[in-house]
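Below, each chain spelled out in residue letters.
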Amino acid sequence: MDIKLNKTLNPKLWDKDILKEEVLAKLRTIAQAFIGFLEIPNDAVKDIRLLGSSANYNYTKHSDIDLHIVVDYEKVHKTCPVVAGYLYAQKSLFNKEHDITIYDIPVELYAESHKDKTASNGIYSLKENKWISKPSKPKLDVDDLAVKSKYEELEKAINDTNSQEEAQEILDKVYRLRKAGLDKVGEFSVENIVFKKLRDNNLLQKLKGQIK
């Protein structure tokens, strides 16, 4: 599979490796709206992070902005075992109800535990306004056959889906696979590349459209 590495970070968002002031301000405003929607106490928010392809050299015209709210779950609820599930469900609702873009780039919001080890070649703290991990241009070694096989499997499952429950199950599976791939390998894992192909071919949007 041909993966493009750009010579610079996305110039719509970055001035070389410095996040543009207007982008920083808008992302912080979006993040605060999301935090308010989730009713997360301010002292539970450990950081607000920009990551994924929009903080990396492998962005395309289909890339979105991954905006992560890093949360201390115990400060949300000390004993409740389903905080993560609740925040995930609310995240899905927020993203579905709000069509948020910056320079026509969709913003996808997540809430994650501060204990999670997020794997990304580039991670930028909006709270501190500085890089946590500066992106580099890695040597690419992608298993094309594995990408093709997994993509075709999920493509068939999505096209064969005819119920809201099935659509939600497949969508959850796709996100779980992506997270596992990012945690294990990073941006160029088979699972993350398959996720991007499904998104770019509007198959994720098709699933979301079946979920009311």
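Summary of the structure given here. Since the structure is predicted, the reported quantities are computational estimates derived from the model, not experimental observations.

**Looking at the overall build of the protein**
Moving on, step 1. From N to C terminus, the protein includes seven helices and eight strands.
Moving on, step 2. Of all 212 residues assigned to the protein, the portion counted as buried reaches 44%.
Moving on, step 3. Within the protein, contacts between residues at least 6 apart in sequence are counted, and of these 72% link residues at least 24 apart.
Moving on, step 4. If you sum the accessible surface of the protein, you get close to 11,800 Å²; carbon and sulfur atoms cover 51% of it.

**Quick notes on the packing of aromatic side chains**
Moving on, step 1. Applying the stated criterion across every chain, the model contains six aromatic pairs.
Moving on, step 2. Each ring, one from Tyr175 and one from Phe195, has its centre 5.3 Å from the other, and the planes form 65°; the classification is edge-to-face. Separated by 20 residues along the polypeptide, Tyr175 in helix H5 (residues 164–184) and Phe195 in helix H6 (residues 190–200) bring together distant segments of the chain.
Moving on, step 3. Its relative accessible area of 2% is what places Phe195 among the buried residues.
Moving on, step 4. Each residue in the set Trp14, Tyr124 and Trp131 is aromatic and connected to the rest through ring pairs, giving one cluster.
Moving on, step 5. Cation over ring: Arg178 sits above Phe195, and NZ or CZ is 4.0 Å from the ring centre.
Moving on, step 6. Geometry around Tyr151 places Lys197 over its ring, the cationic atom sitting 4.4 Å from the centre.

**A word on helix H1 (residues 21–38)**
Moving on, step 1. Here H1 contains 18 residues, and its C-alpha end-to-end distance of 26 Å stays within 8% of the 26 Å for a straight helix at 1.5 Å per residue.
Moving on, step 2. Burial in H1 covers these residues: Val23, Leu24, Leu27, Ile30, Ala31, Phe34, Ile35 and Leu38. What you see down the axis of H1 is that its buried residues fit within an arc of 140°, all on one side. Summarising the geometry of H1, the exposed residues directed more than 90 degrees from the buried face are Glu21 and Thr29.
Moving on, step 3. In the stretch just after H1, Glu39 is the one whose phi turns positive, near 60°.

**With respect to the pattern of salt bridges**
Moving on, step 1. This model, assessed by the stated rule, comprises nine salt bridges.
Moving on, step 2. The partner of Asp200 in a salt bridge is Arg199, with the nearest N and O atoms 3.2 Å apart.
Moving on, step 3. Three or more residues are tied together by salt bridges with common partners; here these are Asp64, Arg199 and Asp200.

**Overview of the pairing of strand S6 (residues 105–113)**
Moving on, step 1. Across the nine residues that make up S6, a large majority, eight, are buried.
Moving on, step 2. As paired elements, strand S4 (residues 65–71) and S6 share seven bridges and run parallel to each other. The partner of Val71 across the bridge, within S6, is Ser113.
Moving on, step 3. The pairing of strand S5 (residues 101–102) with S6 spans two bridges and is classified as antiparallel. Counted as the bridge partner of Thr101 is Pro106 from S6.
Moving on, step 4. Hairpin connection of S5 to S6: two residues between the antiparallel strands, including Tyr103 at a positive phi of 50°.

**Observations regarding the packing of helix H4 (residues 144–160) against helix H7 (residues 203–210)**
Moving on, step 1. Running from N to C, H4 and H7 cross one another at 30°; their axes reach a closest spacing of 10 Å. The orientation of H4 relative to H7 falls into the category roughly parallel. For H4 against H7, the interelement crossing comes out left-handed. Across the interface between the two elements, Tyr151, Glu155, Ile158 and Asn159 from H4 touch Leu203, Lys206 and Leu207 from H7.
Moving on, step 2. For the contact of H4 with H7, the per-class residue count stands at four nonpolar, one polar and two charged.

Conventions adopted
Residue numbering note: each chain is counted from 1, following its sequence as written. pLDDT decides what is reported in this predicted model: residues at 70 or higher carry local features, side-chain atom pairs at 80 or more are listed and counted, and totals for whole chains, interfaces and linings draw on all residues regardless. Processing note: side-chain calculations cover all non-hydrogen atoms of the structure and skip hydrogens and water entirely. By the criteria applied, helices consist of DSSP H or I runs no shorter than four residues and strands consist of E runs no shorter than two, each listed in order from the N terminus. Any residue under 20% of the maximum accessible area for its type is buried, any over 50% is exposed, and the rest in between are partly exposed; the area is computed with a 1.4 Å probe on protein chains only. Contact criterion: two residues are considered in contact whenever any of their non-hydrogen atoms come within 4.5 Å of each other. The protein chains shown are the only cover counted for residues, whose accessible areas, like all others here, come from Shrake-Rupley with a 1.4 Å probe. In this scheme Phe, Tyr and Trp rings, the latter by its six-membered ring, pair at centre separations within 6.5 Å, and the angle between planes marks the pair as stacked below 30 degrees, edge-to-face above 60, and tilted otherwise. Comment: the charge-over-ring label is applied if NZ (Lys) or CZ (Arg) is within 6 Å of the ring centre and within 35 degrees of the ring normal. What a helix is expected to span follows from its residue count: subtract one and scale by 1.5 Å. By arc we mean the arc of the directions from the helix axis to the C-beta atoms, nothing more. Just to be clear on terms, a salt bridge is a Lys or Arg side-chain nitrogen sitting within 4 Å of an Asp or Glu carboxyl oxygen. Paired strands, in this sense, are two strands between which DSSP finds at least two bridges. Here, axes are lines fitted to C-alpha atoms. For helices the fit covers the stretch in contact, and angles between N-to-C directions go from 0 to 180 degrees. Orientation categories follow fixed angle ranges, with anything under 35 degrees roughly parallel, anything over 145 roughly antiparallel, 65 to 115 roughly perpendicular, and all other angles oblique. Each helix crossing is assigned a hand: it is left-handed if the near helix lies turned anticlockwise from the far helix by less than a right angle, otherwise right-handed if that turn is clockwise. Residues are grouped as follows: nonpolar covers Ala, Val, Leu, Ile, Met, Phe, Trp, Tyr, Cys and Pro; charged covers Asp, Glu, Lys and Arg; every other residue, Gly included, is treated as polar.

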